[in-house]
Amino acid sequence: MSFLLPLLISLLLGLLFWILRGRTRKPGEPPLVKGWIPFIGKALDFGKDAHKFLEEHRRKHGDVFTVQIAGKFMTFIMDPLLYPSIIKQGRQLDFHEFTDKVAPLTFGYPPVLGTTFPGLWEQIKRSFQLLQGDHLAPLTESMMGNLMLVFRQDHLNGAGDWRRGSLYEFCCSVMFEATFLTIYGRPVTGIRHGGMDRLRDDFHKFDNMFPFLIAQIPIWLLGRTLAIRQKLISYFLPQHMSQWTNNSQFIRRRAELFEQQDKLKDVDKAAHHFAILWASVGNTLPATFWAAYFLVSQVEALKVVRQEIVDVLRDSGVDFSTSSDVMLSKEQLDKLIFLESAISESLRLSSASMNIRVAQEDFSLRLDSNRSVGVRKGDVIALYPQSLHLDPEVYEDPQTFRFDRFVQDGREKTDFSKDGQKLRYYLMPFGSGSSMCPGRYFAINEIKQFVCLLLLYFDLQLEDGQNRPGLDPSRAGLGILLPSSDVRFRYRLRSV
Ligand code: HEM
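Residues numbered from 1 in each chain as written. Predicted model: local features only at pLDDT ≥ 70, side-chain atom pairs only at ≥ 80, totals over all residues.

A. Spotlight on the overall build of the chain. Counting secondary structure elements, the chain contains 19 helices and 19 strands. The C-alpha atoms of the chain give a radius of gyration of 25 Å, which matches the 23 Å a tight globule of 496 residues would have. Its C-alpha atoms give the chain principal-axis dimensions of roughly 95 × 55 × 40 Å. Considering the chain as a whole, with its 496 residues, one finds that 35% of them fall into the buried category. Partitioning the contacts of the chain with sequence separation of at least 6, the portion at a separation of at least 24 is 77%. (Helix = DSSP H or I, 4+ residues; strand = E, 2+ residues; numbered from the N terminus. Rg over C-alpha atoms; globule rule 2.2 N^0.38 Å. Buried ≥ 20, exposed ≤ 12 C-beta atoms within 10 Å, placed from the backbone. Contact = placed C-beta atoms within 7 Å.)

Structure (structure tokens):
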């Protein structure tokens, strides 16, 4: 006994020391940045300003380094010329295991992978095709009608006097409702849903907590978030959705799939539908704001883009007048290359999504023809395209909005390079590879449609004395950053 106690104590101390000391770098592995707080590592510095943090460490450690962030070891690949080898993604790097852990905790449905819901994962994935290809034309047409409806009823009434508004609030209210109507349909008994403002308000409250949920902070620690999420989910219960008509084929298909799963409760089906609400507007609302803001803030850009829209309409025999409704088809939207460029440019300046893959085993990750690094099972391999988007070698004067940056010789410019080499990936607001956003074509089209209506129907001015709003860093890594403050603007019906 007398010698057992010291032995036990020294063993415990050894274990504690090992835990606190944690991981050390092995030969062949990238430089390791751990910070002094065990487990938490560099999470706080990363959360404060991810772009700045990563740039500082790139300068210190080179293009590939591993950082401990909240218990995870994340290997960042900073050189965009190396992106293709990560995106190609062999069987050793996986994305879905991560989303199947995080998304259910965030949105409140049971994990989909595994044997409980046979085939559901694959079928859900397949349903994403209903947002693309031939399905894009009817979705785009429906969105146009819904945008026009909301514009006409809420903003195109009254005389042509100047009105004041807040641009982010304006973009959110129109886009939230029009997207909702397009994806989920309208009530059988009317053309608009009641209580949209309350729903949007709850959505924003949930959205503010989204970064904490994704970081897997238990929802019961987040104030009223659980109650708000339950309220949002209950909106999509089958007894409510059965009262809606004209929904998208995408939602109809998903509802059918959920019906085939005996073990999926009604509240779980509703939670899946709620997750799509977040996916379809969570990024689109701030992206719409940034596109509108940058165009309204640059008189020359606004003039060129507005003229382009009028020309495309005229080429199809439409002489635009604010007294009639306008319709822009997918084909017409495809011709708006200056508008597309302005949207790409605003996405470049506002997006901060992180592309994540999880190592399925210990292995040597090939970076290019003569470089590999060792990674361990469970490590996260991360691309952080905001660093690429703001790289002065790729984009001259990267903080400046140049509406025509993505146009060359009258066509879309796709030629961007670094170190004299053409980049395969130069703009990545929608992620990459197998996990790339399936709603990206629809998103671009709906933002184009919104901007078209804004520019066609209104004279627009920012109120004086306002600086360009900053980027709220709280969503860094998760998509389009919100503006740190709203922007006051004036608008009046144009006299055409
Ligand atoms: C500007 C608007 C949008 C942006 C910037 C955006 C961005 C993204 C990103 C970064 C991802 C994750 C990709 C990855 O991790 O590699 C994603 C996933 C997803 N997005 Fe979007 N998105 C937008 C609009 C939309 C819209 C309008 C829809 C649907 C109507 C949509 C549906 C989805 C879905 C369903 C996923 C999950 C895909 C999966 O699980 O594989 N998104 N989006």
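B. View of the sheet that holds strand β19 (residues 488–493). The three strands lie next to each other as β5-β19-β17, forming an open sheet whose pairing is antiparallel. Of all the strands in the sheet, just β5 (163–166) and β17 (458–462) have a single pairing partner and so form its edges. Each strand of the sheet is rotated relative to its neighbour by a mean of 30 degrees, with strand direction disregarded. Pairing of β17 with β19 involves five bridges; the strand directions are antiparallel. Its bridge partner being in β19, Gln 461 is matched across the sheet by Arg 490. (Pairing = 2+ DSSP bridges. Axes fitted to C-alpha atoms, helices over the stretch in contact; angles between N-to-C directions.)

C. Spotlight on the site of the ligand. Surrounding the ligand, one finds 24 residues, the nearest of these being Asn 283, Gly 431, Ser 435, Cys 437 and Gly 439. Counting residues per element, the ones that place at least two in the shell around the ligand are α13 (266–281), α14 (284–297), β8 (351–353), α19 (440–457) and β18 (478–480). Residues that form the shell around the ligand fall into these classes: 12 nonpolar, 12 polar and no charged. (Near = placed C-beta within 6 Å. Nonpolar A, V, L, I, M, F, W, Y, C, P; charged D, E, K, R; others polar.)

D. The arrangement of the packing of α14 against helix α17 (residues 337–350) in detail. Closest axis-to-axis distance for the α14/α17 pair is 9 Å, and the angle between their directions is 115 degrees. Between α14 and α17, the angle falls in the class roughly perpendicular. Viewed along their axes, α14 and α17 form a crossing whose handedness is right-handed. Here α14 contributes Pro 286, Ala 287, Trp 290, Ala 291, Phe 294 and Leu 295 to the contact with α17, which in turn contributes Ala 342, Ile 343, Ser 346, Leu 347, Leu 349 and Ser 350. Here the residues of the contact of α14 with α17 are counted per class, giving 10 nonpolar, two polar and no charged. (Parallel < 35°, antiparallel > 145°, perpendicular 65-115°, else oblique. Left-handed = near helix turned anticlockwise from the far one by under 90°.)

E. Layout of the domain arrangement of the chain. Domain parsing of the chain yields domain 1 (25–105 + 357–382) and domain 2 (120–356 + 383–493). Taking only C-alpha atoms, the centre of domain 1 and the centre of domain 2 are 29 Å apart. Of the residues lining the interface, 25 residues belong to domain 1; the matching set on domain 2 comes to 28 residues. When contributions to the side of domain 1 that touches domain 2 are tallied by element, the ones reaching two or more residues are α3 (50–61), β3 (72–77), α4 (83–88), α5 (96–107) and β12 (380–383). Grouping the amino acids of the side of domain 1 that touches domain 2 by side-chain chemistry returns 19 nonpolar, two polar and four charged. (Domains from an automatic or database assignment.)

F. Quick look at the sheet that holds strand β1 (residues 32–33). Within the open sheet, the six strands sit side by side as β1-β2-β3-β12-β9-β4. Their pairing is mixed. With partners counted over all chains shown, the strands left at the sheet margins are β1 and β4 (93–94), one partner each. Where β1 and strand β2 (residues 64–69) come together, two bridges link them in parallel fashion. The residue of β2 that forms the bridge with Val 33 is Val 67.

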